[in-house]
Amino acid sequence: MSEKLKVGIFGITGCMGCQLNILYQKELLQILDAIDLRAFPVGKEVNLENEEFDIIFLEGVVVNRRDLEDLQRYRKMTKKLVAIGACATDGCVPAIKNFMNNKNVERSVYKESELESMHSLDPRPIDDFVKVDHYIYGCPMDKMEFLQFMKQTLLGKEFKVAAKPICYECNLRERGCLLEQGIECMGPVTFGNCSVMCPLKNYPCVGCRGPYPDANFEAYFSMLEDKGVDKETIARHMNRFAGVKFARLIQKEKEGKGEEEKEDENSCMDLFCHVAKDRLKKGDASCWGGN
Ligand code: SF4
Ligand code: SF4
Ligand code: SF4
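Residues numbered from 1 in each chain as written. Chains lettered and ligands numbered in written order. Predicted model: local features only at pLDDT ≥ 70, side-chain atom pairs only at ≥ 80, totals over all residues.

(A) Representation of the overall build of the protein chain in the model. For the protein chain, the helix and strand inventory stands at 11 helices and seven strands. Long-range pairs, those at least 24 residues apart, make up 75% of the contacts in the protein chain between residues at least 6 apart in sequence. (Helix = DSSP H or I, 4+ residues; strand = E, 2+ residues; numbered from the N terminus. Contact = placed C-beta atoms within 7 Å.)

Structural data, given as structure tokens:
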């Protein structure tokens, strides 16, 4: 019989919601028989660290130097690194700080004397620093997608999710469109495969699965503005779970149209990108630490 997969589940800065989402699923018991769960500090007393893993699932966002060191250590320890949840995949709520004055945010919470020892960095999703092999999206991480990943991997298959926006499945379900009623739903620009969880319950999608990479942002923003949604509200919604990645994609769309030099303060695209544009370059160490 072949050896069981050596698995670790770890977290850096996050709320533990994704790890608890793994812990609280009853199917985990069936999976446990098929794997060698060597480390899961949130759910196990004895944990083996600093050894080789086949898969490490990692929750959380890099917000300080300790997170970065832990992330780099986990990357070295494993053959496959899987980002679980919006903090790891897209930066999530902590990354809203990228669109604000970092030091002012920190001063509003911590004493001046504590700031230096925090060694804070501009919050970033983990693939800004290391190679990530797979992504399990959502805030919290989608349980079904986690199970699909485990099943596919145990069968020796490659885990893949078709890239489609939330609207694709929503239209198949014929539930009627919230956006057409003037409700700010992020379905057209959000990565699908959550079974249209929110619109089916009559709540707009708020983008917790991050950006659908082929979205037409300009058309989406125009549609919202036509419905009377103001630009600040649109920008705030884009920042909520995946502002870093939305901003980069929007910038890329602008560059593709040859508009990168042309800034228009009345454009929603520019309003959103303006603050972050220079700070969100991947691997740009000058943006660390904020201002
Ligand atoms: S993605 Fe959401 S649930 Fe998961 S750690 Fe981040 S904030 Fe918590
Ligand atoms: S309700 Fe939202 S997800 Fe559904 S079709 Fe309309 S915009 Fe798309
Ligand atoms: S509908 Fe949108 S906000 Fe709701 S779970 Fe899916 S991606 Fe997240």
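The structure having been displayed, the exposition proceeds.
(B) Structural view of unusual backbone geometry. Following Cys139, the chain continues to Pro140 via a peptide bond in cis, the omega torsion being 0 degrees. Although it is not a glycine, Asn193 sits at a positive phi angle of roughly 90 degrees. Its location among the elements puts Asn193 in the loop between α8 (166-173) and α9 (217-226). In this structure Asn193 comes out as partly exposed when scored by C-beta crowding, with 19 C-beta atoms within 10 Å. (Buried ≥ 20, exposed ≤ 12 C-beta atoms within 10 Å, placed from the backbone.)

(C) Structural detail: the packing of α9 against helix α10 (residues 231-256). Contact pair α9 / α10: the axes reach a minimum separation of 11 Å and the direction vectors enclose 140 degrees. If you check the angle between α9 and α10, you find them oblique. Of the residues in α10, those touching α9 at Phe217, Glu218, Phe221 and Leu224 are Ile234, Leu249, Ile250 and Glu253. When grouped by side-chain class, the residues that make up the contact of α9 with α10 number six nonpolar, no polar and two charged. (Axes fitted to C-alpha atoms, helices over the stretch in contact; angles between N-to-C directions. Parallel < 35°, antiparallel > 145°, perpendicular 65-115°, else oblique. Nonpolar A, V, L, I, M, F, W, Y, C, P; charged D, E, K, R; others polar.)

(D) Spotlight on the sheet that holds strand β7 (residues 134-136). The strand order β2-β1-β3-β5-β7 describes an open sheet built from five strands, whose pairing is parallel. For this open sheet the edge positions go to β2 (35-39) and β7, each flanked by a neighbour on one side alone. Taking the axes of each pair of neighbouring strands and ignoring which way they run, one obtains an average angle of 25 degrees across the sheet. Here strand β1 (residues 5-11) runs beside strand β3 (residues 53-59); their pairing, made up of five bridges, is parallel. Of the residues in β3, the one forming a bridge with Val7 is Ile55. On top of the sheet, helix α3 (residues 65-77) reaches β1, β3 and β5 (78-84); it is set at about 135 degrees to β5, its chief contact. (Pairing = 2+ DSSP bridges.)

(E) Representation of the site of ligand 1 within the structure. Around ligand 1, the surrounding shell holds 13 residues, and the nearest of these are Gly14, Gly17, Gly85, Cys87 and Cys139. Here the shell around ligand 1 takes three residues from helix α4 (residues 85-90), the largest share from any one element. Residues of the shell around ligand 1, tallied by class, amount to nine nonpolar, three polar and one charged. (Near = placed C-beta within 6 Å.)

(F) Seen up close, the confidence of the model for the protein chain. Averaged over every residue, the pLDDT of the protein chain is 87; the share at 70 or more is 88%. Contacts from residues 282-291, a stretch scored under 50 in pLDDT, to residues over four places away or in other chains number 15 contacts. (pLDDT = per-residue confidence, 0-100.)

(G) Region of the structure containing the site of ligand 2. Around ligand 2, a shell composed of Ile166, Cys167, Cys170, Asn171, Cys177, Leu178, Leu179, Cys185, Gly187, Pro188, Pro199 and Cys205 is seen. Looking at the shell around ligand 2 residue by residue, the class counts come to 10 nonpolar, two polar and no charged.

(H) Expanded view of the environment of Gly192. Following the sequence through the fold, Gly192 ends up in the loop between α8 and α9. A C-alpha to C-alpha distance of 9.4 Å links Gly192 and Tyr137, two positions 55 residues apart in sequence. Setting aside residues up to four positions removed in sequence, Gly192 forms contacts with Lys164, Pro165, Ile166, Tyr168, Glu169 and Tyr212.

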